Amino acid sequence: MEITQPTQSSATVASPTISSAAAQTSTDFEVFLKMLTAQMRYQDPLNPIDSTDYATQLATFSGVEQAVLTNDLLKSLTTQMSMGGLVDMAALVGKDVRSTAPAYFDGQPLTLLPGQRVAADTAELVVRNAAGDEVQRSVVSPAADTLEWAGVGPGGAPFPTGVYQFEIVSKSNGEIIAQTPVETYSTVTEVRLNDGTTTLLLSGGASVASDQVTALREGNL
């Protein structure tokens with residue numbers, strides 16, 4: 001029985017990953033052929049292996065080979081598509097995005113967007129610093145759509161420059177019924193691709209996933 005190695009395709013994909021996978025698969029195929037040849041050489045002459053079994057083994061290995069190359073091609077295409085999306089997202093640099101990510105305070109008042117939709121009779125605005133420590137708590141209107149945070153303490157001294165996280169604690173009859181993160185607008189300074197997820201780096205060093213952004217506007221509004 002004559003066994004011939006399948007001719008490789010002449011198509012070339014410009015990808016180091018696929019080239020490496022193809023080389024590894026080719027090496028594995030040569031090892032497989034050596035094992036198959038040894039199996040034929042040392043088989044029992046009184047009970048030889050049927051030729052159809054050899055054909056089945058070759059077909060099975062060929063199928064695995066093609067599956068490996070196909071998977072690597074799909075990974076390469078996915079990476080290229082992600083990079084294309086990253087280029088498109090680069091247009092967000094300099095824009096203001098709305099999210100619940102920590103906001104950068106540099107002495108100028110911040111506009112907060114509570115967005116709470118609960119039947120509360122009282123509400124408090126809780127402010128936390130970059131370390132997560134509560135630095136201020138004040139009573140606000142439960143129905144407020146926007147709030148202005150001046151960033152000053154009880155004595156009128158401004159809070160240090162840095163990022164701050166905001167939360168609305170809603171109460172009914174003195175009992176907490178909801179704790180809602182507050183949205184703010186922050187300026188995008190960089191767009192990154194991390195493990196297939198597009199992340200927006202915001203002024204002050206905070207970051208947010210692109211799918212967590214709820215609104216977009218021109219910067220410095």
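Criteria and thresholds
Every chain is numbered independently, its residues counted from 1 as its sequence is written. Predicted model: local features are reported for residues with pLDDT of at least 70 only, side-chain atom pairs are reported and counted for 80 or more only, and whole-chain, interface and lining totals are derived from all residues. Based on all heavy atoms of the structure, the side-chain values leave hydrogens and waters out of the count. Secondary structure elements are taken from DSSP: a helix is a run of H or I of four residues or more, a strand is a run of E of two residues or more, and numbering for both begins at the N terminus. For each residue, the accessible area found with a 1.4 Å probe, counting protein chains only, is set against the maximum for its type, and the residue is called buried under 20%, exposed over 50%, and partly exposed in between. Method for areas: the Shrake-Rupley scheme with a 1.4 Å probe, in which residue coverage is limited to the protein chains shown. Any residue with an atom within 4 Å of a point lines the site, the site being either a cavity, points on a 1 Å grid over the protein atoms alone where a 1.4 Å probe fits but cannot get out, or a pocket, an open set with protein on both sides within 12 Å along at least 5 of 7 lines. Grid points are joined across faces, edges and corners, and a volume is the space filled by probe spheres set on the points. Note on residue classes: Ala, Val, Leu, Ile, Met, Phe, Trp, Tyr, Cys and Pro are nonpolar, Asp, Glu, Lys and Arg are charged, and everything else, Gly too, is polar. Nonpolar core, defined: a set of buried Ala, Val, Leu, Ile, Met, Phe, Trp, Tyr and Cys residues in which side-chain atoms within 4.5 Å join the residues together. Two residues form a contact once any of their heavy atoms are found within 4.5 Å. Whenever Lys or Arg places a side-chain nitrogen within 4 Å of a carboxyl oxygen from Asp or Glu, that contact is recorded as a salt bridge. For two strands to pair, DSSP has to find at least two bridges joining them. For every element, the axis is a line fit to its C-alpha atoms; helices are fit only across the contacting stretch, and the angle between N-to-C directions ranges from 0 to 180 degrees. The predictor attaches a confidence to each residue, and that confidence, scored 0 to 100, is pLDDT.

1. A closer look at the overall build of the chain
Secondary structure assignment for the chain yields two helices and twelve strands. Starting at the N terminus and walking to the C terminus, you meet the elements of the chain as α-α-β-β-β-β-β-β-β-β-β-β-β-β. In the chain, buried positions account for 29% of the 221 residues. Accessible surface computed for the chain: about 13,600 Å², of which carbon and sulfur atoms make up 54%.

2. Focus: the environment of Ser-170
Relative to the helices and strands, Ser-170 resides in strand E7 (residues 162-172). As a C-alpha pair, Ser-170 and Thr-122 span 48 residues in sequence and 6.2 Å in three-dimensional space.

3. Topic: the layout of surface pockets
Taken as a whole, the second largest pocket encloses approximately 390 Å³ of empty space. In terms of lining residues, the second largest pocket is bounded by 16 residues, among which Tyr-104, Pro-109, Leu-110, Tyr-185 and Arg-217 are the most central. Elements with a minimum of two residues in the lining of the second largest pocket: strand E2 (103-105), strand E3 (110-112) and strand E9 (184-194). With four residues, E9 is the largest single contributor of residues to the lining of the second largest pocket. Of the residues contributing to the lining of the second largest pocket, the split by class is six nonpolar, seven polar and three charged.

4. Overview of the nonpolar core
With 16 residues, the main nonpolar core has Leu-110, Leu-112, Leu-125, Trp-149, Tyr-164, Phe-166 and Ile-168 as its most contacted residues. At the level of secondary structure, the elements contributing two or more residues to this core comprise E2, E3, strand E4 (122-128), strand E6 (147-149) and E7. Of all hydrophobic cores here, the second largest spans eight residues; its members include Ala-101, Leu-200, Leu-202 and Val-208.

5. Digging into the side chain of Thr-184
Turning to its location among the elements, Thr-184 is positioned in strand E9. A relative accessible area of 3% places Thr-184 in the buried class. When sequence neighbours within four positions are dropped, the list of residues in contact with Thr-184 reads Val-97, Arg-98, Ser-99, Ala-101, Ala-103, Thr-111, Leu-112 and Phe-166.

6. Observations concerning the pattern of salt bridges
One pass over the full model with this rule turns up seven salt bridges. With a closest N to O distance of 2.6 Å, Glu-183 and Arg-98 form a salt bridge. Highlighted residues: Glu-183 in the loop between strand E8 (175-181) and E9 and Arg-98 in strand E1 (residues 96-99), separated in sequence by 85 residues. By relative accessible area, which is 15% here, Glu-183 ends up buried. With relative accessibility at 23%, the residue Arg-98 sits in the partly exposed group. The closest approach of N and O atoms between Arg-192 and Glu-190, which form a salt bridge, is 3.0 Å. Owing to a relative accessible area of 38%, Arg-192 belongs among the partly exposed residues under this scheme. One connected set of salt bridges, linked through shared partners, spans Glu-124, Glu-134, Arg-137 and Lys-171.

7. Structural notes on the sheet that holds strand E11 (residues 207-209)
Pairing is antiparallel across the open sheet formed by five strands, whose spatial order is E11-E10-E9-E1-E12. Two strands bound the open sheet, and with one partner strand each, they are E11 and strand E12 (215-217). When strand polarity is set aside, the average angle formed by the axes of neighbouring strands in this sheet is 45 degrees. Summarising the sheet, E1 and E9 pair through four bridges and their orientation is antiparallel.

8. Some words on the confidence of the model for the chain
On average, residues of the chain score 79 in pLDDT, and 70% of them are at 70 or above. Confidence drops under a pLDDT of 50 for residues 1-18, and excluding neighbours within four residues, the segment shows 19 contacts in the predicted structure.

9. So, unusual backbone geometry
Here the phi dihedral of Asn-173 falls at roughly 55 degrees; this positive angle occurs in a residue that is not glycine. Examined against the element boundaries, Asn-173 turns out to sit in the loop between E7 and E8.

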